[in-house]
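Residues per chain, in single letters:
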Amino acid sequence: MTLILNRENVISVLNMKDCMDAVEHAFAELANNTAVLPLRIGITPPDGLALYMPAYLKEMGALACKVVTVYKNNPSKHNLPTTIGKVLLQDPETGDVICIMDGGYLTAVRTGAVSGVATKYLARKEKNQVVGIFGSGVQAKMQLWGVAEATNISKALVYDISENAMNTFVEEMSKKLKIEIIKAKNPELLLDADIICTATSSSTPIFDGTKVKPGTHINAIGSHTPNARELDTEIIKRSKFVGDSKIACFSEAGDIMIPLKEGAIQESHFYAELGEIITGKKKGRINENEITLFKSNGLAIQDVATAKLIFDKAVKAGIGNKVNI
Ligand SMILES: NC(=O)c1ccc[n+]([C@@H]2O[C@H](COP(=O)([O-])OP(=O)(O)OC[C@H]3O[C@@H](n4cnc5c(N)ncnc54)[C@H](O)[C@@H]3O)[C@@H](O)[C@H]2O)c1
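Note that the coordinates shown come from a computational prediction; the quantities given were computed from them, not determined experimentally.

About the criteria used
- Residues numbered from 1 in each chain as written.
- Predicted model: local features only at pLDDT ≥ 70, side-chain atom pairs only at ≥ 80, totals over all residues.
- Near = placed C-beta within 6 Å.
- Helix = DSSP H or I, 4+ residues; strand = E, 2+ residues; numbered from the N terminus.
- Axes fitted to C-alpha atoms, helices over the stretch in contact; angles between N-to-C directions.
- Parallel < 35°, antiparallel > 145°, perpendicular 65-115°, else oblique.
- Left-handed = near helix turned anticlockwise from the far one by under 90°.
- Contact = placed C-beta atoms within 7 Å.
- Nonpolar A, V, L, I, M, F, W, Y, C, P; charged D, E, K, R; others polar.
- Domains from an automatic or database assignment.
- Core = buried A, V, L, I, M, F, W, Y, C linked by C-beta atoms within 7 Å.
- Buried ≥ 20, exposed ≤ 12 C-beta atoms within 10 Å, placed from the backbone.
- Pairing = 2+ DSSP bridges.
- Expected span 1.5 Å × (residues − 1).
- Arc of directions from axis to C-beta.

On to the site of the ligand, then. The environment of the ligand is made up of 26 residues, and the closest members are Gly137, Gln139, Thr200, Ser202 and Gly298. A total of three residues in the shell around the ligand trace back to one element, the largest contributor, which is helix 5 (residues 138-150).

Let's shift gears to the packing of helix 4 (residues 104-122) against helix 11 (residues 300-317). Contact pair helix 4 / helix 11: the axes reach a minimum separation of 10 Å and the direction vectors enclose 115 degrees. Taken together, the axes of helix 4 and helix 11 lie roughly perpendicular to each other. The two elements helix 4 and helix 11 meet at a crossing, and its hand is right-handed. Of helix 11, the residues touching helix 4 (which contributes Leu106, Thr107, Val109, Arg110 and Val114) are Gln302, Asp303, Thr306, Ala307 and Ile310. Classifying every residue of the contact of helix 4 with helix 11 by side-chain character gives five nonpolar, three polar and two charged.

According to the domain assignment, the protein consists of domain 1 (2-107 + 301-323) and domain 2 (121-298). Between domain 1 and domain 2, the C-alpha centre-to-centre distance is 24 Å. Taken together, the eleven residues of domain 1 in the interface contact twelve residues of domain 2. The element best represented in the side of domain 1 that touches domain 2 is helix 2 (residues 16-31), accounting for eight residues. Its residues assigned to classes, the side of domain 1 that touches domain 2 comprises seven nonpolar, two polar and two charged.

Turning our eyes to something else, we now look at the packing of helix 2 against helix 4. For the pair helix 2 and helix 4, interaxial distance at closest approach is 8 Å and the crossing angle is 70 degrees. What the angle tells us is that helix 2 and helix 4 run roughly perpendicular. Each of Met16, Cys19, Met20, Val23, Glu24 and Phe27 in helix 2 lies in contact with helix 4, whose residues at this interface are Val109, Arg110, Gly112, Ala113, Val114, Gly116 and Val117. Looking at the contact of helix 2 with helix 4 residue by residue, the classes come out as nine nonpolar, two polar and two charged.

With 95 residues, the main nonpolar core has Val23, Ala26, Leu57, Ile301, Ala305 and Ile310 as its most contacted residues. Apart from residues no more than four positions distant in its own chain, Ala305 is found in contact with Ala22, Val23, His25, Ala26, Leu57, Met60 and Ala62.

So, on to the sheet that holds strand 15 (residues 291-295). One open sheet holds the eight strands; their spatial order is 10-9-8-11-12-15-13-14, and the pairing between them is parallel. A single partner strand is all that each edge strand has here, and the edge strands are strand 10 (180-183) and strand 14 (270-273). Neighbour-to-neighbour, the strand axes of the sheet open up by a mean angle of 20 degrees, direction not taken into account. One ladder, built from four bridges, connects strand 12 (residues 217-220) with strand 15; its direction is parallel. Looking at strand 15, one finds that Ile218 is bridged to Leu293. Sheet contacts for helix 4: strand 11 (195-198), strand 12, strand 13 (239-243) and strand 15; angle to strand 12, the most-contacted strand, approximately 160 degrees. Strands in contact with helix 6 (residues 163-177) are strand 9 (153-159) and strand 10; relative to strand 10, the strand with the most contacts, it is inclined by about 175 degrees.

To continue, consider helix 6. Helix length check: helix 6, at 15 residues, gives a terminal C-alpha distance of 21 Å against a target of 21 Å (1.5 Å per residue), a fit within 8%. Those residues of helix 6 lying buried are Met166, Phe169 and Met173. An end-on view of helix 6 places all buried positions within 60 degrees of arc, on one side of the element. Exposed residues lying more than 90 degrees from the buried face of helix 6 are Glu163, Asn164, Glu171 and Lys175. Lys178 lies just past helix 6 and shows a positive phi near 55 degrees.

For helix 5, built from 13 residues, the straight-helix expectation of 18 Å at 1.5 Å per residue is met to within 8% by its first-to-last C-alpha distance of 19 Å. Within helix 5, twelve of the 13 residues are buried, leaving the element largely enclosed by the surrounding structure. When helix 5 is considered as a whole, its buried residues turn out to be Gln139, Ala140, Lys141, Met142, Gln143, Leu144, Trp145, Gly146, Val147, Ala148, Glu149 and Ala150.

Listed below in structure tokens is the structure:
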């Protein structure tokens, strides 16, 4: 029997704290070589992009593949979202697909979760920190949730080029997290924050990296193609650069690939993978003044660990529909 979990089922069992624990474990497996993580496969049918993201986590006993598509004309042509995803979870012992679940909410939460984990290891450990969020879409909301779970924050500032998106963000997230959220009139106001998250759809730099204050931690999760970037060369040069995966950063992330191509940095500027910091193979932040930067491209290990967590919780709660395929 295969368990089918729709978006509501997933939402009802998935919370940020548990997702952060699962994702942290997955990154430790990656660093300890108990994870199998092939590069994602992309196919471009006429109207969009289809990505296949498989991974296996030996210790967690999790094997799955996410199928995610980006079809820009979906909203206008078919009244469907641009990005649609489903995860197929398998039993590692038999290989059988034991669960098919919606992957939209899962993707957003696991992306917030990895930023939460990076914040836990790399940001300064002070109370009442201020968070600056660039972008106010689906991912931006989860970024704030992940950071709020990881550290003690007093308030958040948000900046988006869309006034409507910002209004929705403030309404939803202040209710959810019970913190003060302020709409910033210009992006520069966010550069005073202790922790900055970039979660926009911009393909060009969104702030002046010379103006970021020492001690800041940045989670950069937007742009992930070689020619697009949210961060300028200056902030890359000033930061201790940690990535989710070195291979992914040097094959997908314009944020680091463009400064490398310009000759502004060497490949050795890539300091560590997040898993190396989690497992203590490399040190995280070493003083209060360094600027730490975490670049997230999004890895299948995050999806697989989160899918296993959702499945286990759903079975325990007795939710979803079982079908004989
Ligand atoms: N790293 C990962 O694992 C991962 C996972 C999913 C999505 N993403 C990426 O995250 C980004 C955001 O995704 P989303 O689903 O939230 O998209 P979205 O369309 O819901 O939100 C993006 C927001 O960015 C805003 N924006 C665009 N340019 C801006 C600028 N210069 N300054 C401020 N705001 C600006 C838009 O107005 C919009 O509100 C995309 O680039 C997406 O590809 C990354």
